[in-house]
Amino acid sequence: MEYLYILILAAISLGFVMLTIFGSNLLGPKKSTKHKDENFECGVESDGDARQPISVKYFIVAILFVLFDVEVIFFYPYAVIFKEMGMQGFVAVLLFVAVFLVGFYYIIKKGILDWNYTSVELKKP
Amino acid sequence: MELIAFKSILAISIFTLGLVIAMYSTYFERKVAAFMQDRIGPNRAGPFGLLQPLADGGKMFFKEEFIPKEANTFLFTFAPGLAMLTACMTSAVIPWAPDLTIGNLVYKFQIADLNIGILYILAILSVSVYGIMLGGWASNNKYSLLSAIRASSQMISYELAMGLSIITIVMMSGSVSLRDITAQQSGSLFGISFLQGLNWNIFYQPLGFLIFMTCALAECNRAPFDMAECESELIGGYHTEFSSMKLGFFLFAEYINMFISSTIISVLFFGGYNFPGMHLISNPMLLTALGFVALMIKALFFIFVFMWIRWTLPRFRYDQLMQLGWKKLIPLALGNMLITAFVLLVKQ
């Protein structure tokens, strides 16, 4: 039942967004010239486009995020019932955190989180 | 049926409130900046320049809607809409005021009382990364792409520490629902009776608050974490190519996010609608109104803090930002969580 209200809010927001996007599309002037339609590149002639490979670092960060976020989400059910679970549950979570930290230590030692280029070079095996 | 009508009205009011506050945040931001830099700030449109946001909004509507020829047209239109939509959706689970009972109907001033409130907010936050990412990618501009990748990588990094710092609050209240978290903070601080209504989580979790605040700044792409739009390197960031109301949506979404983050900080750490002296008020109507005002004052104060930080601190470097997020905040938040759990268990 409560999710119905979320749908109501979503409908209101969606209606507003659609109306505004279409409205401003109708209202503004339209005029296109060859050079105006090019991508902005600090006033110089644009060279190629942005469909190029990017640093793999960002990709690694994204993968690490997925891994660690799943572990963080596991803490939520524990946080809700940890009083009932008592010390025994706490020890279990300590073990879980230890595993978490081992992985964390590994990625730090690997230099994954070092964004300084030279230090990455130095740590290459 | 009455309840649905009430909730629809509530949803529309909260939505409008978000828009109005976001609009006036732009005005307020310029005034704060002017004050800090010893300038006057906008003062032409209307008394004290109060009509400035309306003039800006009106101008946005009448600007040309420009789409670069290399861009992906559908995603280019879709991304600002998505950014705006997700910004508006987060307000759904926030309890805005104490409940009001009229006749046999209980009016809850919360659009949806989800029992998974915090998870809902985290979920919507994750989706909001897509607005920026798609916007930057679809423009097919190198600067936009760089900015979008930086922004999304920053946002996901800080989401981890944010999630961990919220866990301590969940432990304090034993619930993931924002309603229960607020209710739990209505008691008296440390059991001292004249501190009634001050049982706020900030007094138990100062470190958690600092971590959460830092992450909130990073999630909103606000200075000192506004790597996504550092003008000197990336022109305008992920919205370089956007114009008209599409640009307006990106800017608006940022301010709405700021407002919602401030409200969430108030709810999680500063007692939500609870205020000292609350138990002395017997008129339920008045209590609801004052509760709402209390929450708004707290939220507006945090919006001011956001601006204060922006105009005080210089921008971080990208490697410093990632170092802070991963190597400092995550271990700190994890340690804070474990210590909280241990102390609460020993006290039990």
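You'll find the structure just up there.
Everything in this summary refers to the structure shown in the same document. (Residues numbered from 1 in each chain as written. Chains lettered and ligands numbered in written order. Predicted model: local features only at pLDDT ≥ 70, side-chain atom pairs only at ≥ 80, totals over all residues. Heavy atoms only, no water.)

## Some remarks on the packing of aromatic side chains
The description of two aromatic rings rests on the distance between their centres and on the angle between their planes. Inspection of the entire model under this criterion finds 32 aromatic pairs over all chains. Ring geometry for Phe75 of chain A versus Phe100 of chain A: centroids 6.5 Å apart, planes at 55°, classification tilted. Across the pair, Phe100 of chain A and Phe75 of chain A agree in class, each one buried. Centre to centre, the rings of Phe90 of chain A and Phe342 of chain B are 5.7 Å apart; their planes meet at 40°, and the pair counts as tilted. (Phe/Tyr/Trp six-rings, centres within 6.5 Å; stacked < 30°, edge-to-face > 60°. Buried < 20%, exposed > 50% of the residue type's maximum accessible area, 1.4 Å probe, protein only.)

## Looking at the state of the cysteines
All names here are of chain B. The final tally for this structure, using the stated rule, is zero disulfides over all chains. No disulfide involves Cys88; its sulfur sits 14 Å from that of Cys220, the nearest cysteine. Here Cys215 stays unpaired: no disulfide links it, and the sulfur of Cys220, its closest cysteine neighbor, is 11 Å away. (Disulfide = S-S within 2.5 Å.)

## Concerning the pairing of strand β1 (residues 97–102) of chain B
Residues and elements named next belong to chain B. With four bridges connecting them, β1 and strand β2 (residues 105–109) associate as antiparallel partners. What sits directly across from Thr101, in β2, is Val106. Linkage of β1 to β2, two consecutive antiparallel strands, is achieved through a turn of two residues, within which Gly103 is found at a positive phi near 65°. (Pairing = 2+ DSSP bridges. Helix = DSSP H or I, 4+ residues; strand = E, 2+ residues; numbered from the N terminus.)

## With respect to the interface of chain A and chain B
Counting from both sides, the interface comprises 68 residues of chain A and, opposite them, 82 residues of chain B. In this assembly, chain A packs against chain B so that about 6900 Å² is buried in total across both faces, 74% of it on carbon and sulfur atoms. Summed over the three residues of chain A that lose the most area to chain B, namely Leu9, Arg51 and Tyr76 of chain A, the buried surface amounts to 10% of that side. Counting across the chain A and chain B interface gives zero salt bridges. Viewed at the interface, chain B and chain A are joined by two residue pairs in polar contact (both at pLDDT 80 or more). Tallying contributions element by element places helix α2 (residues 56–109) of chain A first for the side of chain A that touches chain B, with 26 residues. (Contact = heavy atoms within 4.5 Å. Buried area = accessible area lost by both parts, 1.4 Å probe. Salt bridge = Lys/Arg side-chain N within 4 Å of Asp/Glu carboxyl O. Polar contact = N/O pair within 3.5 Å; in protein donor to acceptor, adjacent residues only side chain to side chain.)

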